[in-house]
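Breakdown of the fold
Below are the chains, spelled out letter by letter.
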Amino acid sequence: MAGGVRGGHGAHRGPFARYEPRLRARRLVLGLLSDLPCKNCWTIAEWVGEATPHGMQHLLCRASWSADAVRDDVREYVVEHLYDDAAVLVVDETGDVKKGTRTVGVQRQYTDTAGRIENSQVAVYLVYASTRGHAAVDRELYVPRSWTGYPDLCRAAGIGEETVFATKPELARTMIERFMDAGHRVDWITGDEVYGGNPKLRSALEERRMGYGLAAACSAEVITGAGTFRADALARKMPKRAWQKLSAGRGAKGQRFYDWAVIDLADPCPGHRRLLIRRNRTSGELAYYRCYSPNPVPLTTTVRVVGSRWRVEETFQSEKGPAGLDEHQVRLSPSWIRRVTLAMLAHAFLAVVRANEHARQSTSDDLVPLSCNEIQRLFITLAIRPLRDAAHRLGWSDWRRRHQKRSRTSHYQRQAASQTWRSRSTAEVLAARP
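In this report, we go over the structure that sits alongside the text.

Conventions used here
Residues numbered from 1 in each chain as written. Predicted model: local features only at pLDDT ≥ 70, side-chain atom pairs only at ≥ 80, totals over all residues. Heavy atoms only, no water. Helix = DSSP H or I, 4+ residues; strand = E, 2+ residues; numbered from the N terminus. Rg over C-alpha atoms; globule rule 2.2 N^0.38 Å. Buried < 20%, exposed > 50% of the residue type's maximum accessible area, 1.4 Å probe, protein only. Contact = heavy atoms within 4.5 Å. Lys, Arg positive; Asp, Glu negative; His and termini not counted. Charge placed at Lys NZ, Arg CZ, Asp CG, Glu CD. Pairing = 2+ DSSP bridges. Polar contact = N/O pair within 3.5 Å; in protein donor to acceptor, adjacent residues only side chain to side chain. Axes fitted to C-alpha atoms, helices over the stretch in contact; angles between N-to-C directions. Parallel < 35°, antiparallel > 145°, perpendicular 65-115°, else oblique. Nonpolar A, V, L, I, M, F, W, Y, C, P; charged D, E, K, R; others polar. Phe/Tyr/Trp six-rings, centres within 6.5 Å; stacked < 30°, edge-to-face > 60°. Lys NZ or Arg CZ within 6 Å of the ring centre and 35° of its normal.

1. Topic: the overall build of the protein
On a plain count of helices and strands, the protein comes out with 16 helices and 12 strands. Relative to the globule expectation of 22 Å for 434 residues, the C-alpha radius of gyration of the protein, 24 Å, shows essentially globular dimensions. If one aligns the C-alpha atoms of the protein with their principal axes, the spans along those axes are about 80 × 55 × 40 Å. A total of 434 residues make up the protein; the buried ones form 48% of that total. For the protein, the share of sequence-separated contacts (at least 6 apart) that also reach a separation of at least 24 residues comes to 62%. Taking the 66 positively charged and 47 negatively charged side chains of the protein as two groups, their mean positions are separated by 5 Å.

Quick look at the structure:
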């Protein structure tokens with residue numbers, strides 16, 4: 001694992017004009033991978049053995065190096081090691097709650113971190129999700145109109161004079177086009193209602209013949225052969241035979257089964273457009289998705305695509321936990337870009353090591369597969385700062401994973417027994433009807 005991160009830094013010599021910022025960037029990434037409870041310039045500088053935080057602050061604020069070039073390297077690294085033909089791009093935003101008003105992009109706005117409107121900073125991320133793993137490959141800070149309308153405020157925060165207001169779907173489009181223009185090909189995009197409700201983004205994807213499964217509001221109006229209807233009105237008209245039980249993919253607690261129904265939409269433009277409806281099998285809650293594909297695809301493919309969206313939440317958890325994405329404590333736009341890009345690099349390393357370890361693990365192994373958190377602990381304690389002998393650390397790792405394996409197996413057994421009981425009870429009720 002040590003060779004992986006060192007090799008990765010060796011591949012990033014292009015973005016750095018001098019040896020000093022490259023060395024300090026390496027130290028900062030190692031600090032982001034550390035077990036520090038708070039990961040900012042002060043704590044990381046102390047952890048890596050520097051006398052003051054000035055060097056780390058200089059790296060993020062004034063040193064000569066290209067964060068965009070590192071971002072491009074991260075993208076190439078992720079696609080190379082996590083690639084598969086069924087990969088999906090997931091676009092989503094996440095926010096960080098802030099107390100002050102001078103941090104770039106901060107205003108009172110909704111953030112998923114708090115689950116409500118707070119004084120916060122929001123950024124949009126593009127995540128590459130495949131069967132091997134998932135990691136962010138691009139980022140754009142959302143700069144609200146309350147900033148772009150005041151040149152002096154933008155200048156003080158290091159925002160370039162050429163910056164104009166861009167909506168979150170516009171930022172998503174920029175990142176998707178950047179990914180495709182770099183020579184990569186992904187057949188599917190997914191995202192939440194913010195992106196599914198934007199006609200310009202959907203049109204741009206269709207022009208590139210990129211399939212999508214984007215969430216839509218219940219009030220979204222769609223055109224069918226019988227006329228224009230709200231999405232929720234169509235759901236109420238669906239007969240029982242139209243619903244199919246399908247898995248949206250494996251989650252932390254096993255397969256995620258829902259009921260699904262699909263309606264073909266009328267559109268004179270080339271391609272196939274459908275409204276996909278998901279129903280929770282326990283609560284009956286409905287969710288809606290606008291779907292497009294250049295050619296006809298089976299329902300299972302569309303379900304797999306929209307089911308990939310949960311990967312972005314897991315990516316955010318890993319980046320904000322082991323990689324310290326949300327602990328930057330920087331105010332200026334260039335500093336934010338640099339800090340977040342290095343956090344993406346740290347998480348990409350964990351994601352690739354995790355994918356490689358999962359590929360090597362035997363199916364008969366009695367250990368739960370390595371997680372990003374466990375890889376982080378092993379990497380820091382064994383490769384960077386050994387505090388005890390390796391046998392002790394590996395012994396604890398095996399104990400944790402064996403315990404997790406038993407817990408997972410027990411949960412799956414209870415889940416299977418519960419499903420069998422429910423199926424038997426339903427059959428008995430139906431048999432008892434006259």
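2. With respect to unusual backbone geometry
The phi torsion at R209 lies on the positive side, around 55°, for a residue other than glycine. As for its placement among the helices and strands, R209 is situated in the loop between α10 (199-207) and β6 (211-216). We classify R209 as partly exposed; its relative accessible area is 43%.

3. Remarks on the pairing of strand β5 (residues 188-191)
Successive residues of a regular strand alternate their side chains across the two faces of the sheet. The alternating pattern of β5 places W188 and T190 on one face and I189 and G191 on the opposite face, and all of these are buried. Bridge count for β5 against β6 is 4 bridges, and the pairing is parallel. Bridge pairing in β6 places T190 opposite G213.

4. With respect to the side chain of E118
As for its position among the elements, E118 is in strand β3 (residues 116-129). Polar contacts involving the side chain of E118 include one to the side chain of R116, which spans 2.7 Å. Not counting chain neighbours up to four residues away, the residues in contact with E118 comprise V97, Q107, R108, Q109 and T111.

5. Quick word on the packing of helix α4 (residues 54-61) against helix α14 (residues 333-360)
Running from N to C, α4 and α14 point in directions that differ by 105°, and their axes come no closer than 7 Å. It follows that α4 is roughly perpendicular to α14 by the angle criterion. Two secondary-structure elements touch here, α4 through L59, L60 and C61 and α14 through P334, S335, R338, R339 and L342. Its residues placed into classes, the contact of α4 with α14 shows 5 nonpolar, 1 polar and 2 charged.

6. Regarding the packing of aromatic side chains
In this description, an aromatic ring pair is defined by two values, namely the gap between the centres and the angle between the planes. Applying the stated criterion across every chain, the model contains 7 aromatic pairs. Ring centres of Y258 and W260 lie 6.0 Å apart, and the angle between their planes is 75°; this geometry places the pair in the edge-to-face category. Residue classification places Y258 among the buried positions, given a relative accessible area of 17%. K168 extends its terminal NZ or CZ atom over the ring of Y142, reaching a point 5.1 Å from the ring centre. Geometry around W243 places R279 over its ring, the cationic atom sitting 4.2 Å from the centre.

7. Re the pairing of strand β7 (residues 221-224)
Taking every second residue as pointing to the same face, the buried face of β7 carries V222 and T224, while none of E221 and I223 on the other face is buried. Pairing of β7 with strand β8 (residues 227-230) involves 4 bridges; the strand directions are antiparallel. Following the sheet pairing, T224 is matched in β8 by G227. Where β7 folds back onto β8 in an antiparallel hairpin, the turn is made up of 2 residues.

Don't take any of this as a statement about function, it's just geometry.
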